[in-house]
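# Geometric and topological summary
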Amino acid sequence: MENELDPETLAIHTGIHRSQFNEHSESLYLTSSFVFDSAAQAAARFSGQEPGNIYSRFTNPTVTAMQERLAVLEEAEACIATASGMSAILTCVMGLLSAGDHIVASRSLFGSTVNLFSNILSRFNIQTTFVSATDPGEWQAAITTNTRLFFLETPSNPLTEISDIAALAEIARRKGIWLAVDNCFCTPVIQQPLKLGADLVIHSATKYLDGQGRVLGGAILGKRDLLMDSGIFGFLRTTGPTLSAFNAWIILKGLETLSLRVKAHSAHALEVARWLEAHPQVVRQQKTGGGIVSFEVRGGKEAAWRVIDATWLMSITANLGDTKSTLTHPATTTHGRISQEAREAAGIRDGLLRLAVGLESPDDLKADLARGLQ
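Residues numbered from 1 in each chain as written. Predicted model: local features only at pLDDT ≥ 70, side-chain atom pairs only at ≥ 80, totals over all residues. Heavy atoms only, no water.

## Some details on the overall build of the protein chain
The helix and strand inventory of the protein chain stands at 15 helices and twelve strands. Considering only C-alpha atoms, the protein chain reaches an extent of 70 × 50 × 35 Å along its principal axes. Expressed as a percentage of the 374 residues in the protein chain, the buried residues total 54%. Taking the contacts inside the protein chain whose residues are at least 6 apart along the sequence as the reference set, 71% of them involve residues at least 24 apart. A total accessible area of about 16000 Å² is found for the protein chain, and carbon and sulfur atoms account for 53% of it. The distance from the centre of the 32 positive side-chain charges to the centre of the 38 negative ones in the protein chain is 3 Å. (Helix = DSSP H or I, 4+ residues; strand = E, 2+ residues; numbered from the N terminus. Buried < 20%, exposed > 50% of the residue type's maximum accessible area, 1.4 Å probe, protein only. Contact = heavy atoms within 4.5 Å. Areas by Shrake-Rupley, 256 points an atom, 1.4 Å probe, with all protein chains shown as cover. Lys, Arg positive; Asp, Glu negative; His and termini not counted. Charge placed at Lys NZ, Arg CZ, Asp CG, Glu CD.)

## Some words on the sheet that holds strand E2 (residues 102-106)
Strand order in the open sheet formed by seven strands is E1-E7-E6-E5-E4-E2-E3, and the pairing between neighbours is mixed. In this open sheet, the two edge strands, each paired with only one partner strand, are strand E1 (78-82) and strand E3 (127-131). Sheet twist, expressed as the mean angle between neighbouring strand axes with direction ignored, is 20°. Where E1 meets strand E7 (residues 218-222), five bridges bridge the pair, whose relative direction is antiparallel. Across the sheet, the residue bridging to Ala81 is Ala219, located in E7. Contacts between helix H10 (residues 232-239) and the sheet are confined to E1, strand E6 (200-204) and E7, with E1 contributing the most and set at about 30° to the helix. (Pairing = 2+ DSSP bridges. Axes fitted to C-alpha atoms, helices over the stretch in contact; angles between N-to-C directions.)

## A look at helix H7 (residues 165-175)
Since the α-helix packs 3.6 residues into each turn, any two residues three or four apart lie on the same face. Buried within H7 we find Ile165, Leu168, Ala169, Ile171 and Ala172. Around the axis of H7, the buried residues are gathered within 165° of arc, so they sit on the same side. Away from the buried face of H7 by more than 90 degrees, exposed residues Arg173 and Arg174 are located. On its buried face, H7 is in contact with helix H6 (136-142), strand E4 (147-153) and strand E5 (178-182). Structurally, the start of H7 carries an N-cap: the backbone nitrogen of Ala166 is 3.3 Å from a side-chain oxygen of Asp164. Just downstream of H7, Gly176 is the residue with a positive phi angle, here 70°. (Arc of directions from axis to C-beta. Polar contact = N/O pair within 3.5 Å; in protein donor to acceptor, adjacent residues only side chain to side chain.)

## A word on the state of the cysteines
For the structure shown, the criterion picks out zero disulfides. Residue Cys92 stays outside any disulfide, its sulfur separated by 12 Å from that of Cys79, the closest cysteine. By relative accessible area, Cys92 is classed as buried at 0%. Free cysteine Cys184: the closest other cysteine sulfur is in Cys186, separated by 9.6 Å. (Disulfide = S-S within 2.5 Å.)

## Remarks on a nonpolar patch on the surface
Taken together, the side chains of Leu28, Leu30 and Phe246 make up a nonpolar region of the molecular surface, amounting to roughly 290 Å² of accessible area. Relative to the assigned elements, Leu30 resides in the loop between helix H1 (7-13) and helix H2 (39-47). (Patch = residues over 30% accessible without salt bridge, like charges linked within 9 Å, V, L, I, M, F, W, Y side chains within 5 Å. Salt bridge = Lys/Arg side-chain N within 4 Å of Asp/Glu carboxyl O.)

## A word on the nonpolar core
Met66, Leu70, Leu221 and Ile251 are the most contacted members of the largest nonpolar core, which has 33 residues in total. Ranked by the residues each element gives to this core, the list is headed by helix H3 (residues 61-74), at seven residues. Leaving out residues up to four positions away in the same chain, Leu221 has contacts with Leu70, Ala71, Glu74, Ala76, Ala78, Cys79, Leu194, Asp199, Leu200, Val201, His203 and Leu227. Formed by 30 residues, the second largest nonpolar core is a distinct cluster that contains Ile54, Ile80, Ala105 and Phe233. (Core = buried A, V, L, I, M, F, W, Y, C linked by side-chain atoms within 4.5 Å.)

## Thoughts on the pattern of salt bridges
The full count for this structure, using the stated rule, is 17 salt bridges. Across the salt bridge formed by Lys263 and Glu8, the nearest N and O atoms sit 3.2 Å from each other. Here the residue Lys263 occupies a position in helix H12 (residues 258-277), and Glu8 occupies one in helix H1, the gap between them amounting to 255 residues. Note on Glu8: relative accessible area 36%, which makes it partly exposed. The closest approach of N and O atoms between Glu256 and Lys253, which form a salt bridge, is 3.0 Å. With a gap of three residues between them, Glu256 and Lys253 both fall in helix H11 (residues 245-256), about one helical turn apart.

Shown next, in the form of C-alpha cells:
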C-alpha cells in the first residue's frame, strides 16, 4: 500500500500502531522500561531472538513510529533516531570507524561538525582531511589507504554550496568508502541522497523536521544491515545518545506538515533572495537550498551586526527550520570557534549573514532587512 501513496500522505499515516484503546493520534509512551510475560521472553528480547521493546534507551514505540515515518520519506530501509543532529553524526562515526581510520569531509560544514572532526575525533586517532564541497577531484585526491568515510552537507551551512552527490558516491563506491550526507537543509521533500548513491543520510530533526523550534532530535538513515549490524545501533544501545519519546512524538507531528512547510519556506526564500540580489548594499547572495539565504553585506562585521540589530521581526538565534524567520552572523556564532583562517577558506567572511526564512510574509521580511541595509 505504501508504494501507492504520495509522500504527503505517507507523512501522516506511516508509523501509526494503535493500542487497545484505538486512539486516533499517535500514542506517546513515556516509560523507561517494558514488562515481559516471562523470564524466557525477557531473555529472548535481550538476546535479539524475539523482536519487541526492552528499554527506552534503545527501544520505544513512539521513537519507532517516528523512525518508520522518516524512513519512508527518505526511502530508506531503516532509521536510528538520536537526541540531536550532532549526536547523530557522532553515533554514525563512532559506530563505523576505529582508531587509525580517515575521513574526507567538505570544508563547508556546520561549525560544531568541524569541531567534532578536527578537535574531538582526532584525540582518538581518527583524522579528517577537509576539501572543497564543489570539486570532486579534491575528494579523489584526498583518499588514503585508510579512508573509510566521506562526509558532506549539501546545501552547506551557511553558504548553501551544492555538492554533486552522485559524483562523490561513484568515487566512494570504487574505493569501498561510505558516503554520509547531512540532508538537514533540504529534507526528503527536496532531496533524497540515498537515491543518488549515498550510503547514509543524517538529519538534525531539530530543524525542519520538527519545524517549530520546540525540541532537539537527530536521525541516521540507510540500509538496514549498515545501520543495525555495523555498530551504529550498537553504539546507541550502549552509550545512550537517545531520542526521548516526547521529542519523537513532537517530531512525528511535525513530519505531517513537512511538505507544506518546506514548499512555503522555499517560495518565500526565493522572493527574499531576488530582492537581496538587487540591493546595492549586498555583495553576494545564494538562493538555493530551500528556505536558507546566505548573503554578504558591505562593511564587514560592523555592517552585518547593524542589519541584525535593526530587525525586529526576525529572531536573532542560530536555530533554523522554524515557522519564525531567524537571522544569524555565522562568523561570531555557529562558526565562531573556528579560526579566522579556516572561516576564510570556507568563504565565511565577516560580512556574511545567514537568513532562515520562515512562513511570514516576504514583504514584511524585506522591510525588516531594509531597516539595517542603509
